[in-house]
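# Notes for the structure review
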Amino acid sequence: MSSDETPNVPAGRNSREAVREKAQQVHAKQSRARLMRRIIIAVVAIGSVGTAVALAVSSSLSQPTMTPRGMDADGVTVTDVAIAETADEPIETPAPTEAGTTASPTPEPTAEEGTIDIHIYVDYLSTGAAEFEAANARQLAGWINEGAVTVTYHPVALLTANSNGTKYSLRAAAAAACVATYSPAQFFDYNHELLSAQPAADSDGHSDADLADLAIAVGVEDGAKVRSCIEDQDFVSWAKDATARALEGPLPGTDDLKLNGSPMILVDGEVYVGSMKDASEFSQFVLTTASEAYFGTPTPTPTPEGTATPKATETPKK
């Protein structure tokens, strides 16, 4: 009997098992390698996204909101207007008047006495703002040129949702700020053009290119800069913030007034609540406010002791 202790297993079978075991080891190594590659790729991808987000956040934080130049309390003060007068549309200049006298068309206020301070808050999609501009633009221009009033326009965006998602009010206010910054002498004309060519409510409104075309049409000084400013929406964030500040209040020249609609017109801090279409009514309001501010409230003369105070008498009925 043989003393060979080799198991009674065919040599071919041993060879196949060895090959299979080796193949399993190789497969396991390959699987681990693929897994590691996937992990590395995922880590790199996550790192790239994180870097991109960090750069984006850093970039946004490093770019403050652009603010228009030449504005005071978010308003554009107009000091000179080029407008032609016609014989059939005389422009009366507001002047303080005493009780019982007729208002003079000649400007009474002087630099020493002070001028009438008018602030106009305007949303360029507001129908009322367009009506007020159509009725009062010429007499405002005349008063400005006479030095009888200072007029400050405040572009606001209260009707941003009323333009099919295009945010026209916001873009128009920003466009007005572009003109105020780069061509302030044409602001009055541009403000007038925006309201004269006002789009219908609940429409898309003018495109940014259209808004830039309107600015070019009124003769802005640096057309390229104004167009770039409008089409790039440089002052949209400012317009949104300025509107929020006006809504929060107080408005300039007042103690506690807040923006509550457009247009909102303040004359020496008093809110005009008359017709937006009636230039005469607004003129009378300005005259009355100016008179009160100029002459003040009369102080009653003290009555000497022992002297009876005369009583008012009724007018006898006929």
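Since the model is a prediction, treat every value here as computed from it, not as a measurement. (Residues numbered from 1 in each chain as written. Predicted model: local features only at pLDDT ≥ 70, side-chain atom pairs only at ≥ 80, totals over all residues. Heavy atoms only, no water.)

### Considerations on the overall build of the chain
We count it as follows: A run of DSSP states H or I qualifies as a helix once it reaches four residues; a run of E qualifies as a strand once it reaches two. Both are numbered from the N-terminal end. The buried label applies to any residue whose accessible area, calculated with a 1.4 Å probe on protein chains only, is under 20% of its type's maximum; exposed applies above 50%, and partly exposed to all values in between. In this analysis, two residues are considered to be in contact whenever any of their non-hydrogen atoms come within 4.5 Å of each other. All accessible-area figures derive from a Shrake-Rupley calculation using a 1.4 Å probe, and residue coverage is judged against the displayed protein chains alone.
For the chain, the helix and strand inventory stands at eight helices and five strands. In sequence order, the chain lays out its α and β elements as α-β-β-α-β-α-α-α-α-α-β-β-α. Within the chain, the fraction of its 318 residues that count as buried is 34%. Across the chain, contacts joining residues at least 24 apart in sequence account for 71% of those joining residues at least 6 apart. Put simply, the chain shows about 19200 Å² of open surface, and 53% of that area lies on carbon and sulfur atoms.

### Regarding the environment of Leu214
Tracing the backbone shows Leu214 in helix H5 (residues 208–217). With residues up to four places along the chain from it excluded, the contact list for Leu214 reads Tyr190, Glu193, Leu194 and His206.

### A short note on the nonpolar core
Note the threshold: Side-chain atoms within 4.5 Å are what join buried Ala, Val, Leu, Ile, Met, Phe, Trp, Tyr and Cys residues into a set we call a nonpolar core.
Ile118, Leu140, Tyr190, Ile230, Ile265 and Phe282 are the most contacted members of the largest nonpolar core, which totals 57 residues. Top element by residues in this core is helix H3 (residues 168–182). It accounts for 11 residues. If you look at the next biggest cluster of nonpolar residues, it comprises seven residues, including Ala246, Leu251, Leu259 and Leu266.

### Remarks on the packing of aromatic side chains
Between two aromatic rings, the relevant description is the distance of the centres plus the angle of the planes. To keep it simple, the criterion reads: For Phe, Tyr and Trp, rings pair up if their centres lie within 6.5 Å, where Trp contributes its six-membered ring, and each pair is then called stacked (planes under 30 degrees apart), edge-to-face (over 60) or tilted (otherwise).
Taken as a whole and judged by the stated rule, the model has six aromatic pairs. With a centroid separation of 5.0 Å and 85° between ring planes, the pair formed by Phe132 and Phe282 is classed as edge-to-face. With Phe132 in helix H2 (residues 127–146) and Phe282 in helix H8 (residues 279–295), this residue pair connects regions lying 150 residues apart in the sequence. Using a relative accessible area of 2% as the deciding quantity, one classes Phe132 as buried. Between Tyr153 and Phe188 the ring centres are 6.2 Å apart and the planes differ by 70°, which places this aromatic pair in the edge-to-face class. Pair noted here: Tyr153 is in strand S3 (residues 149–155) and Phe188 is in helix H4 (residues 187–196), with a separation of 35 residues, a long-range link. An aromatic cluster of three or more residues is present, and its members are Phe132, Trp143, Tyr272, Phe282 and Phe285.

### Details of the environment of Ile144
With respect to the element layout, Ile144 can be found in helix H2. Those residues in contact with Ile144 that lie beyond four places of it in its chain are Val78, Thr79, Asp80, Val81, Val149, Val151 and Phe188.

### Quick look at the side chain of Thr289
With respect to the secondary-structure elements, Thr289 resides in helix H8. Residue contacts for Thr289: discarding those within four places in its chain leaves Val267, Asp268 and Glu270.

### Remarks on the sheet that holds strand S5 (residues 270–271)
Cut-off, in case you're wondering: Two strands pair under a simple rule: DSSP has to find at least two bridges between them.
The sheet built from five strands is open, its strands ordered S1-S3-S2-S4-S5 with mixed pairing. Because the sheet does not close on itself, it has two edges, and the strands there are strand S1 (76–78) and S5.

### Concerning the packing of H3 against H5
When two helices pack together, their arrangement is given by the angle between the helix axes and by the axis-to-axis distance. This is how it is decided: In this analysis an axis means a line fitted to C-alpha atoms, helices contributing only their contacting stretch, and an angle means the value between N-to-C directions, from 0 to 180 degrees. Crossings are sorted by hand: turned counterclockwise from the far helix by less than a right angle, the near helix makes the crossing left-handed, and turned clockwise it makes it right-handed. Gly is put with the polar residues, along with every residue not named as nonpolar or charged; the nonpolar set is Ala, Val, Leu, Ile, Met, Phe, Trp, Tyr, Cys and Pro, and the charged set is Asp, Glu, Lys and Arg.
Their axes nearest at 10 Å, the elements H3 and H5 cross at an angle of 35°. Along this stretch, H3 crosses H5, giving a crossing that reads as right-handed. Contacts between H3 and H5 involve Tyr168, Arg171, Ala172, Ala175 and Val179 on the former and, on the latter, Asp208, Leu211 and Ala215. Of the residues that constitute the contact of H3 with H5, the class distribution is six nonpolar, no polar and two charged.

### Quick notes on the confidence of the model for the chain
Note the threshold: The predictor reports its confidence for every residue as pLDDT, a score running from 0 up to 100.
Of the residues in the chain, 63% reach a pLDDT of 70 or more, and the chain-wide mean stands at 78. For residues 95–112, every residue scores under 50 in pLDDT, and the model assigns this stretch 27 contacts once sequence neighbours within four places are set aside. In this model, residues 297–318 is a region of pLDDT below 50 whose contacts with residues beyond four sequence positions or in other chains number one contact.

### Here we look at the packing of H5 against helix H6 (residues 223–231)
Quick note on the threshold: Throughout, the term roughly parallel applies to angles under 35 degrees, roughly antiparallel to angles over 145, roughly perpendicular to angles from 65 to 115, and oblique to all others.
One way to put it is that H5 packs onto H6 with a least axis distance of 9 Å and a crossing angle of 155°. What the angle tells us is that H5 and H6 run roughly antiparallel. As H5 packs across H6, the resulting crossing turns out to be right-handed. Here Asp208, Ala209, Leu211, Ala212, Asp213, Ala215 and Ile216 of H5 come into contact with H6, specifically with Gly223, Val226, Arg227, Ile230 and Glu231. For the contact of H5 with H6, the residue count by class is seven nonpolar, one polar and four charged.

### Side note on empty space enclosed by the protein
Applied cut-off: Grid points spaced at 1 Å over the protein atoms alone were grouped into cavities, where a 1.4 Å probe fits but cannot get out, and pockets, open sets with protein on both sides within 12 Å along at least five of seven lines, with lining residues defined by an atom within 4 Å of a point. Grid points are joined across faces, edges and corners, and a volume is the space filled by probe spheres set on the points.
Per the stated rule, a full pass over the model turns up one cavity of 30 Å³ or more. Approximately 40 Å³ is the volume attributed to the largest cavity. Forming the boundary of the largest cavity are Ile120, Val122, Ala129, Phe132, Glu133, Tyr153, Leu195 and Pro263. Counting only elements with at least two residues in the lining of the largest cavity, the list comes to strand S2 (116–122) and H2. At three residues, the largest contribution of residues to the lining of the largest cavity is made by H2. Tallied by class, the residues present in the lining of the largest cavity amount to seven nonpolar, no polar and one charged.

### Focus: the pairing of S2
We count it as follows: The path from the first strand over the helix to the second decides the hand: if it runs clockwise while the strands point away from the viewer, the crossover is right-handed.
Counting buried positions along S2 yields six of seven residues, so the element is predominantly enclosed. Handedness of the β-α-β unit built from S2, H2 and S3 comes out right-handed. Bridging between S2 and strand S4 (residues 264–267) involves four bridges; their strand directions are antiparallel. The residue of S4 that forms the bridge with His119 is Leu266.

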